[in-house]
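Observations on the three-dimensional arrangement
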Amino acid sequence: MEKAANQAQNALNKENKEKEEFKEAMNKAEIAEDELKVALKQEIGQGLVNVETVEDKVIVTVGAGGAFPSGTADLTPAARNIISNIAKVNEKGKSTIKVTGHTDDVPLLFGSQYRDNWDLAAARAASVVQNLEESQKISSSRLIATSKGETQPIATNQTSSGRSKNRRIEIEINYGK
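Residues numbered from 1 in each chain as written. Predicted model: local features only at pLDDT ≥ 70, side-chain atom pairs only at ≥ 80, totals over all residues. Heavy atoms only, no water.

Tallying each qualifying case throughout the model produces six salt bridges. For Lys28, the salt bridge goes to Glu24, with nearest N and O atoms at 3.8 Å. Here Lys28 and its partner Glu24 are both found in helix H1 (residues 2–39), four residues apart, which amounts to about one turn of the helix. Assessed through its relative accessible area of 43%, Lys28 is described here as partly exposed. A residue is classified by how much of its surface remains accessible, and Glu24, at 45% relative accessible area, is partly exposed. The residue Asp104 makes a salt bridge to Arg167 at a minimum N-O spacing of 2.6 Å. Note that Asp104 is positioned in the loop between strand E3 (96–102) and helix H5 (117–134) and Arg167 in the loop between helix H6 (160–166) and strand E5 (168–174), a separation of 63 residues in sequence. Judged by relative accessible area, which is 7%, Asp104 ranks as buried. (Salt bridge = Lys/Arg side-chain N within 4 Å of Asp/Glu carboxyl O. Helix = DSSP H or I, 4+ residues; strand = E, 2+ residues; numbered from the N terminus. Buried < 20%, exposed > 50% of the residue type's maximum accessible area, 1.4 Å probe, protein only.)

As structure tokens, this is what we get:
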């Protein structure tokens, strides 16, 4: 009977510890969101960037118009500035940073250096990750680049405005496990 009671207490202690760690991670994310909103105030005001907290993560969405010239993975000066600010805010700590590239559903022109939108989105995510690493503020072990191509639109691809919203980079900074 005592063994079962100890196991139950251990399970309860573990659950309480996990809840406390999650609460702490959520607090870190909220603080980081505030810091990023200050650091990126100008870009947010220009509509180039959006910053939001989802549970223990901060998601920075950068529209492709502010990040890359059409059809390329070359970062604009504005994008380099945005990434520099993200690196400064996240220099300390152990948060993982996942960069996801998204595109609209318009096929690339024949002769493009990228095979398809998936390839372009991957190249854009990789450009952001490489820039974060080059800042020497974020260890490469904390970075992940991934592509969703045209598979996760946030707006219709039937209008130019919708397609513009779908061309984006999402930088997810995870303060939890």
